[in-house]
Amino acid sequence: MCHFTQRSSTFSFPKICNTFWRFHHTSTSHLCSCSKTISDEKYQDPFQLGRKDLKNLYEDIKKELLVSAAELKEMCDYYFDGKGKAFRPMIVVLMARACNIHHNNSKEVQASQRSVAIIAEMIHTASLVHDDVIDDANSRRGKRTLNQIWGERKAVLAGDFILSAASVALARIGNTTIISVLTQVIEDLVRGEFLQLGSKENENERFAHYLEKTFKKTASLIANSCKAVSILGCPDPKVHEIAYQYGKNVGIAFQLIDDVLDFTSCADHLGKPTAADLKLGLATGPVLFACRQFPEMNAMIMRRFSKPGDVERARKYVLQSDGVQQTTYLAQRYCHAATREIRKLRPSPEREALVHLTEMVLMRDK
């Protein structure tokens, strides 16, 4: 697996050529060999365990978005309807509890740690609003996007407003270290979007480019939010690194599976159009693995699938190759890395729930 040797947004990809082809040629017979990593541990449902700390989460977010303009309020409230799984806030509160227990056996989530969970969800949602504008998307979470209903200009402003409200909530925590950690997320989101707009000619550089973009656009938020609550709950830098590495690895795995679902799930189930990345000209993991079996895909990647029939041909090649299986296997490797990290903390129900969460990431179908 490619190792990321720095905690910042800068990556090191040692021997990327060898690792890329090693993944490609690894037998897919190992894909289903991932036995339950918690088979002899007490089962912990992450969503049940985190429910107490996430009670009234969306109501509290809406309090942060208090505005007098009715239309802006309606736009800001649109995705905070309480129907989402609150995946990121749930990871954050579980990590907070796990770190607190590790440090001094405290089983309560601090108010400032819960605020980080709220801020993480706000930053995430603001990024979705902006992504939908950039991608000209028409559906998100099974309903029409903000830009489709209110137009691109108002959608951009709504995303900006949610982000500014998150920044105000962050400043209210009053901890400069936490502010520095979480503002890194916003920088990474912007840099990740610019990476997505670019491409690399060299095949190995292309894969490194894809992984770096994946970290910045998806994993940085989870990694730095986990790190923030660990800082608030425990003074040990080793614990901060454990929390960061867990979040980073889970975040990358989450996006890898998301990229797989773009080829394997139906649009109604996924809540957004399938093959969306190809239509946007993006070469994700399944495509990059598939192009080793179908070298003619390289030309399509370089022209960002812009010619008539490119999207359909590329999707066909991916499904005929082992690109989906290899991307799933890579996600599995990242989840194993996350499990190794979190097991360095003292045993707790929250720690085991975070272990189980890695399996849920691999098994999700939407």
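Read on for a plain summary of the structure. (Residues numbered from 1 in each chain as written. Predicted model: local features only at pLDDT ≥ 70, side-chain atom pairs only at ≥ 80, totals over all residues. Heavy atoms only, no water.)

## Structural notes on the overall build of the protein chain
Logical step 1: For the protein chain, the count of helices and strands is 18 helices and two strands.
Logical step 2: Residue burial in the protein chain is summarised as follows: out of 366 residues, 57% are buried.
Logical step 3: Of the contacts formed within the protein chain by residues at least 6 apart in sequence, a portion of 74% connects residues at least 24 apart.
Logical step 4: Total accessible area on the protein chain stands at roughly 16000 Å², and carbon and sulfur atoms take up 52% of it. (Helix = DSSP H or I, 4+ residues; strand = E, 2+ residues; numbered from the N terminus. Buried < 20%, exposed > 50% of the residue type's maximum accessible area, 1.4 Å probe, protein only. Contact = heavy atoms within 4.5 Å. Areas by Shrake-Rupley, 256 points an atom, 1.4 Å probe, with all protein chains shown as cover.)

## Digging into unusual backbone geometry
Keep in mind that most residues, glycine aside, have a negative phi and that most peptide bonds are trans.
Logical step 1: Phi at N56 is positive, roughly 65 degrees, even though this residue is not glycine.
Logical step 2: The topology assignment puts N56 in the loop between helix 2 (46-54) and helix 3 (57-64).
Logical step 3: According to the relative accessible area criterion, N56 is partly exposed, its value standing at 41%.
Logical step 4: We note that A86 has phi near 55 degrees; this positive angle belongs to a residue other than glycine.
Logical step 5: Locating A86 in the fold gives a position in the loop between helix 4 (70-77) and helix 5 (87-104).

## What to know about the environment of L282
Logical step 1: Mapped onto the secondary structure, L282 falls in the loop between helix 13 (276-279) and helix 14 (285-293).
Logical step 2: Assessed through its relative accessible area of 11%, L282 is described here as buried.
Logical step 3: Taking the C-alpha atoms as reference, L282 lies 7.6 Å from I301; in sequence the two are 19 residues apart.
Logical step 4: Those residues in contact with L282 that lie beyond four places of it in its chain are Q196, D277, R304 and F305.

## A word on empty space enclosed by the protein
Logical step 1: Across all of its chains, the model carries two cavities of 30 Å³ or more by this definition.
Logical step 2: As a volume, the largest cavity reaches approximately 180 Å³.
Logical step 3: The wall of the largest cavity is formed by 15 residues, among which Q196, G198, H209, L282 and A283 lie closest to the centre.
Logical step 4: Listing elements by their share of the lining of the largest cavity, those giving two or more residues are helix 9 (176-197) and helix 10 (203-233).
Logical step 5: The greatest single-element share of the lining of the largest cavity, amounting to four residues, is contributed by helix 10.
Logical step 6: Broken down by class, the residue content of the lining of the largest cavity amounts to five nonpolar, six polar and four charged. (1 Å grid on protein atoms, 1.4 Å probe; cavity = no way out; pocket = protein on both sides within 12 Å on 5 of 7 lines; lining within 4 Å. Points joined across faces, edges and corners; volume = space filled by probe spheres on them. Nonpolar A, V, L, I, M, F, W, Y, C, P; charged D, E, K, R; others polar.)

## A closer look at the packing of helix 17 (residues 323-342) against helix 18 (residues 349-363)
Logical step 1: In contact at an axis separation of 9 Å, helix 17 and helix 18 are set at 175 degrees when each is read in the N-to-C sense. Classed by the angle they form, the pair helix 17 and helix 18 counts as roughly antiparallel. Residue-level contacts link T328, A331, Q332, C335, A338, T339 and I342 of helix 17 to R351, L354, V355, T358, V361 and L362 of helix 18.
Logical step 2: For the contact of helix 17 with helix 18, a count of residues per class yields eight nonpolar, four polar and one charged. (Axes fitted to C-alpha atoms, helices over the stretch in contact; angles between N-to-C directions. Parallel < 35°, antiparallel > 145°, perpendicular 65-115°, else oblique.)

## Some points on the pattern of salt bridges
Pairing is possible between side chains that carry opposite charge, provided their charged atoms lie close to one another.
Logical step 1: Counted by the stated rule, this structure contains 18 salt bridges.
Logical step 2: Between K63 and D60 there is a salt bridge; the shortest N-O distance is 3.7 Å. Of this pair, K63 and D60 both sit in helix 3, separated by three residues, roughly a single helical turn.
Logical step 3: Note on K63: relative accessible area 58%, which makes it exposed.
Logical step 4: The closest approach of N and O atoms between D81 and K143, which form a salt bridge, is 2.9 Å. In this pair, D81 sits in the loop between helix 4 and helix 5 while K143 sits in strand 2 (residues 143-144), placing the two residues 62 residues apart along the sequence. (Salt bridge = Lys/Arg side-chain N within 4 Å of Asp/Glu carboxyl O.)

## Points about the packing of helix 11 (residues 237-264) against helix 17
Logical step 1: For the pair helix 11 and helix 17, the least separation of the axes is 8 Å and the interaxial angle reads 160 degrees. Considered as vectors, helix 11 and helix 17 are oriented roughly antiparallel to each other. The two elements helix 11 and helix 17 cross, and the hand of that crossing is left-handed. For the pair helix 11 and helix 17, the contacting residues are I242, Q245, Y246, N249, V250, I252, A253, L256, I257, V260, F263 and T264 in the first and V324, T327, T328, L330, A331, Y334, C335, A337, A338, E341 and I342 in the second.
Logical step 2: Among the residues forming the contact of helix 11 with helix 17, the class breakdown is 17 nonpolar, five polar and one charged. (Left-handed = near helix turned anticlockwise from the far one by under 90°.)

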